[in-house]
Amino acid sequence: MARVAEGDPRFDWQGGAIFRPVRTGNAFEETVERILEAVKLGVFGYGDRLPAERDLAVRLGISRETLREAIRSLQEAGCVESRRGRYGGTFVTYRLPAPDLGELRRAVRDMGAELEDALTFRMVLETGAAEQAARRELTEEQRSYLEHRLAELEGADTEEYRRLDSRFHLAIAELTGSPSLAAGVAESRMRLNDLLNAIPVLDRNIEHASHQHRAMVAAILAGDVAGARRSTEEHLAATAALLRAFLR
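Bear in mind the structure is a predicted one, so any value in this text is a computation, not a measurement. (Residues numbered from 1 in each chain as written. Predicted model: local features only at pLDDT ≥ 70, side-chain atom pairs only at ≥ 80, totals over all residues. Heavy atoms only, no water.)

Caption draft 1: Examining helix α3 (residues 64-76) more closely. Here α3 contains 13 residues, and its C-alpha end-to-end distance of 18 Å stays within 8% of the 18 Å for a straight helix at 1.5 Å per residue. T66, L67, A70, I71 and L74 are the residues of α3 that are buried. Buried residues of α3, seen end-on, are gathered within an arc of 135° and therefore sit on one face of the element. Its buried side turned inward, α3 meets α1 (27-40), α2 (53-60), β1 (80-83) and β2 (89-92). One or two positions beyond α3, positive phi appears at G78, with a value near 80°. (Helix = DSSP H or I, 4+ residues; strand = E, 2+ residues; numbered from the N terminus. Expected span 1.5 Å × (residues − 1). Buried < 20%, exposed > 50% of the residue type's maximum accessible area, 1.4 Å probe, protein only. Arc of directions from axis to C-beta. Contact = heavy atoms within 4.5 Å.)

Caption draft 2: Up close: the pattern of salt bridges. The tally for this structure, following the rule as stated, stands at 15 salt bridges. With a closest N to O distance of 3.9 Å, R95 and E159 form a salt bridge. Of this pair, R95 sits in the loop between β2 and α4 (101-111) while E159 sits in helix α7 (residues 158-174), and the two are 64 residues apart along the sequence. Overall, the relative accessible area of 47% leaves R95 in the partly exposed class. Of the residues examined, E159 reaches a relative accessible area of 59% and is grouped as exposed. The partner of R189 in a salt bridge is D165, and the shortest N-O contact between them spans 3.0 Å. Of this pair, R189 sits in helix α8 (residues 179-198) while D165 sits in helix α7, and the two are 24 residues apart along the sequence. (Salt bridge = Lys/Arg side-chain N within 4 Å of Asp/Glu carboxyl O.)

Purely geometric stuff here, so don't read any function into it on its own.
In structure tokens, the structure reads:
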């Protein structure tokens, strides 16, 4: 089995669903939003270095000055820091907050009826992504990458679990070969991100999720389209049920 190294130049895994060309008229605001999305979704964790300025500006389709302005703003907010020198660059300093049921209830109250809409949107997009990933003839590198993300998640401690769970789900979206679908999955995850992060990480729930994640990966790698959809639907339904349980 071929192994995919982090940062392999043949692939655009890390941040591919997020660092896409800016489309709105306010490039600065959307650039800040994109980088924050990558950080809050855990694509880049605490201490990770963001892509080089030149590369990131090209991927976002913006000027380097706009990118620098956005990074300065995020640095002032304590989300990133810039370091000079041979091993310099822009590094993530943001840490995911600890689970907080009070914060969860406040976030749900703020969302109102939007919560059910967000859960439905996620269900449709992620089950569709799993189906499409299962339909594709994946390369050995792609198969190895998905297995790597699963192993990384299964080896995570409670502090890193939510971040690596997010990376796992985004990896499936990337395997569809559709930048639009991958971006949609990232967007739907971001709508629920604060809620998911506020749920306490319980050993029993991690065990159940692990079985579901393995079933998803097994179905995708076997080209089992129906199985990929079914296992993903079961997993997302369980997550939604857990979320609702903590709101009672």
